[in-house]
Amino acid sequence: MSELEAVFERYKREYTCFEQAALELEKLLKEGCARMGLRAEVESRAKTIPSFIKKIYARSYDDPWLEVTDKVGGRIITETLLDRKTAARLFDESTGTTLISVLSMEDKSDGVDPQNLYYPGIHVQGIVPEFFTSDGQPIECEIQLRTKAQDAWAVASHGRIYKGILPLSKRTTRRIYRLSVLTEMFDEEVKTAMDEMCSEPEYEHAVLIRDLETLYLPMTGEPGENMLSLEVLDVLKSLVDVEGREKYFEELKKFVEENSSKISGILSDYGPRSDFANQWAYWLFSQPESLLIFEKVENHAFALSEAVEGTEMEEAFRHLFEAWGKEMASTDI
Amino acid sequence: MTIADQTIQNKVICWIRKQFSNSKVRDGYEQLELVAQLDFHFETFYEIILSNYRCTMKGVFMADFGTLSIDKVMMHGIPKGNLAANSPNESFTETPIPLEDEDRGYITLKLRATFAGRARAVIEDKDLESKVPDLIRGLVGDSGNLIGDSRQIASLLHGAQKWMSNAGLVMVVHGQIDGEKCLVVAKMEHQEGMRVQPTLSPEGLKTYKAEHFHDLILAEGTKVFKAGIFKASEAKDSELMQGLVADDQLSGQNVAEYFVNFLGCVFVRQADVMTELYFDETHRFLGKVTKEDPPMRTDYEIALIVDMQSASKRISPKSFAAKYLKGAHRDQFLKRMEEIGLPIAGFKKDTKLIETNIRRMKLQTSRGATLFVPPEMHDDGSLNVGKGKNGTKKSKIILIDEITSISGAGGPKKREKKSVNSSIQADVQDQSGS
C-alpha cells in the first residue's frame, strides 16, 4: 500500500471523528457569535473523503496527513466588514476569551499589492478542543471569516479557479477575479452607510429597541411601534446608558429570565393580545421597551418616577408600576 | 466590634425585644439570646436577626403584589355608620360578580396599586375574639363558602365600623399571589364621576349627553382605602394567621385600627417600633453610603433628625428620599426600606422610643472627641464639616458658637484597636441610655 493509500484509508477510518469535531466547532462558533451579539451565518464541515483524496493526490505533500490542515473547516459569514472584524475578536488571544486555541490568523488582504486583485477573507487556523486523532494528536481546523459579499464571490470563484478541473484562460480568470473589486466596493459602501447611520442621534436607541424585541417578541408575538419606542427611550435617556448598552442588555436579559413567569403573566393580561390592547392608557404594555421599564421599576423606581413625572406618558407608566406591584414614587414633595 | 462583653450583649437583647415588641412575635425570638452569646460582629448579628425575622414571617414582608391575580369576586353593599350585628342587610349579594377579562384585569391592577408601598404586616390576636380569621381560613383553604362567608364578613365589618364611616362596598376576592391561593378583603367607598357620550338633540343637532354618577368605584387616580390580603400558607388552622393590610386613611390610632381589629388582627409592629426601626435603619444606610464623604453624611444625618423632629404625623420614606437624598441613594434607600418591610408610602410617626436620639446630632471622632449639635446649627452654618486633606480619612469640623463652660468629663477608655464602626458603637451606647 502506498503512502497516499495509507493516508486515504486512515482518513476513511477516522472520518466519523472529524465529522463530530466539525459539529463541535460549529457549536462553538455559534455560541461565540451569540456572545458577541453577532448576526452571522455559521457553517462547518468535515472535508469529504473524495475532496480529501483529490487534495492529497493533487498536491505534492511531504506528509499529506499533517499538511492537510483543513480536515475540519468552519465559516462565519457576516453582514458587514465591521461584523467580520468583531468575529475576528473571537480568535484574538489578547482578549483572553478565545473560542479555540489559535495557531495562526491571516487576513488575506494583508501585504497584497493594491494594484492586484485577490481573494478577500480572514483565515484562522486553530485546534478543536477535546477532539483527537487515533494517535492522540489534536484535530486542527480552518475557519474562514467573510462578509456575505465576499462569500458570494468566493463560492462562485472557488469551483472555477481554485478547484477547477479545466485550467481557465487568463481572460476568464481575470473576469472572475475582478468581481472581487465589486465585493470590496459593496462592503466599503455598506460600511460608509453604517457609519452614517451610527452617527444619527437615535441610532443607539434604535439598536436597543432591536435588542429588546428579541426578548419581547417571543413573549407576545407582536412587535411594537418603533416611533413610539423611540419617544419612550427619549424620555428615559437619563436612565439608559447608551455607551454601556451591551453590558446593560446582558443584565436585562438576566432580569427577564429570572422574572419570565411574572412578565409573561402581565403581558398576557395587559399586552397586545389582551382586552387592554385597544385602550390608549395601556399602550406601553404593547411595546418592547416595557421590559426595560419593568427592570427600572424593580431596581430604580425613584429615578424612573422622576424621569416620567409631569410628562404625557406618566399615566401609562403608572399602569406599568401597578402591574409590577410597585408604587410610583412621586417626587412632588 | 465583637460582642464579647456581657453588658453589651444584654443591651443588644433589650434592643431586639424593643424591635419586636408585639408579644406574639417576641416569644419566637427567645432563641436569639443564644445567638447573642456568640462572638459575632454586630453587623452580621443584625443581618441574622432580620433574616430570622423574615423566615418566620415568611412571605409577609416579601409578598410580590405583581403576581396577584383574582379568580372570583363577591361584593356586598355596606351602609354608612355602624349597625348592630345581626341586622339584615338588603345589599348582600347572592353570587360572584360576572367578570370579563378586562374587568378582572382592571380590578387586579387596582388591588396591586392598593397594596404596593402601603402594606403592613398583621397577625391574628385571639384576645379580639373575632370570627373573621376562621372565616378567612375556611375561604382560603377551600372549606368555606364564598357566598355565605363573605356575607358574614360584610356583616361583621358593618358592625365594626365607626359612626363616621361612609357607605361603600365590601369586596371579598379569591385569588392567587406568589403562586399560592390567597384571600383579599377590601372595603371601597363610592365615588362621583361624570360620563359624556355623543348624541343628537331633539332638533337633530350633534351634542353630548352628560350623566352624573355617584356610585362609581375604583375610578382612575383613586385607591381602595382598606384592604387585607392573606396567603394560604399564612392562614393555617394550627397557627396564628398572618397577612398584610393597606389602609390609606391612617389619620388616627383608633380609626386606623378598627379595620385591622375587625380582621381579628393587630399590626405586628406598632408605630413606635416602626419609627425606631426606620430611624435606626436609615441611620445605618446613610453611614454606609457616605462612608468616604463626611460632609454628605453630616447633611444626611441632620436631615434625618429634622425629619424626625418635624410636626408631620407621618413618616414617608418616599418623601425623605425625594427631599434629602441624592442620585442613586434614593433608589437604594427605598429598596432597603422595602427589604425590612416598611411601607415606603408612609406610616404613622411615633418617636417615643427614639426621643433621646433625635434632639441633637452626635459627632464622634476616632480619637474620642464628641460633639452634640442641634440641627439648626448646621442649617444656619454654625457647624461645618469638610473633608480633610486628600488621602486621609480625617474631616475638618468647624463649630461657631459662644463657649459657656469648659470642664473635665468621662469618656470611653483608651482602646488598643480602633472601633470598626464608631457610629454602631454609639448606637449601642444610645440604646442603653448612656
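Residues numbered from 1 in each chain as written. Chains lettered and ligands numbered in written order. Predicted model: local features only at pLDDT ≥ 70, side-chain atom pairs only at ≥ 80, totals over all residues. Heavy atoms only, no water.

Asks: What exactly am I supposed to notice about the nonpolar core here?
Replies: The nonpolar side chains of a soluble globular protein tend to be buried, and buried together. Residue and element names in this part refer to chain A. Ranked by size, the top nonpolar core spans 43 residues in total, and within it L236, L252, L292, I293, F294, L304 and F317 carry the most contacts. Where this core is concerned, the elements lending two or more residues are α7 (203–220), α8 (226–235), α9 (245–258), α10 (260–270), α11 (289–299), α12 (301–308) and α13 (314–324). Ranked by residue count, the leading element in this core is α13, at six residues. Beyond its immediate sequence surroundings of up to four residues, F294 is in contact with F255, I263, I266, L267, F285, L320 and W324. (Core = buried A, V, L, I, M, F, W, Y, C linked by side-chain atoms within 4.5 Å. Buried < 20%, exposed > 50% of the residue type's maximum accessible area, 1.4 Å probe, protein only. Helix = DSSP H or I, 4+ residues; strand = E, 2+ residues; numbered from the N terminus. Contact = heavy atoms within 4.5 Å.)

Asks: Help me out: how do you make sense of the pattern of salt bridges in this one?
Replies: Side-chain pairs of opposite charge can arise whenever the charged atoms involved come near each other. Residue and element names in this part refer to chain A. Inspection of every chain in the model, using the stated rule, returns 41 salt bridges over all chains. Its salt-bridge partner being K55, residue D70 comes within 3.2 Å of it at the nearest N-O pair. Within this pair, whereas D70 is found in the loop between α3 (64–67) and β2 (72–78), its partner K55 is found in helix α2 (residues 49–58), the two being separated by 15 residues in sequence. Here R84 and D107 are joined by a salt bridge, their closest N and O atoms 3.8 Å apart. Separated by 23 residues along the polypeptide, R84 in helix α4 (residues 81–89) and D107 in strand β3 (residues 101–107) bring together distant segments of the chain. (Salt bridge = Lys/Arg side-chain N within 4 Å of Asp/Glu carboxyl O.)

Asks: Would you explain α13(A) in this entry?
Replies: Given 3.6 residues to a turn, an α-helix orients residues that are three or four positions apart in the same direction. Burial runs high along α13(A): nine of the eleven residues are buried. Buried within α13(A) are the following residues: A:E314, A:A316, A:F317, A:H319, A:L320, A:F321, A:E322, A:A323 and A:W324. Tucked into the core, α13(A) has its buried residues touching α8, α9, α10, α11 and α12 of chain A together with α5 (101–115) of chain B. Among the residues trailing α13(A), A:G325 stands out with phi positive, at a value near 90 degrees.

Asks: Would you mind showing me how to read the interface of chain A and chain B here?
Replies: Size of an interface, as often reported, equals the accessible area lost when the parts are brought together. Facing 27 residues of chain A, the contacting portion of chain B comprises 28 residues. In this assembly, chain A packs against chain B so that about 2,200 Å² is buried in total across both faces, 51% of it on carbon and sulfur atoms. Salt-bridge contacts for B:R330 lead to A:E306; the nearest nitrogen and oxygen are separated by 2.8 Å. Among the secondary structure elements, those contributing two or more residues to the side of chain A that touches chain B are α10, α11, α12 and α13 of chain A. Tallied by class, residues from the side of chain A that touches chain B come to twelve nonpolar, seven polar and eight charged. (Buried area = accessible area lost by both parts, 1.4 Å probe. Nonpolar A, V, L, I, M, F, W, Y, C, P; charged D, E, K, R; others polar.)

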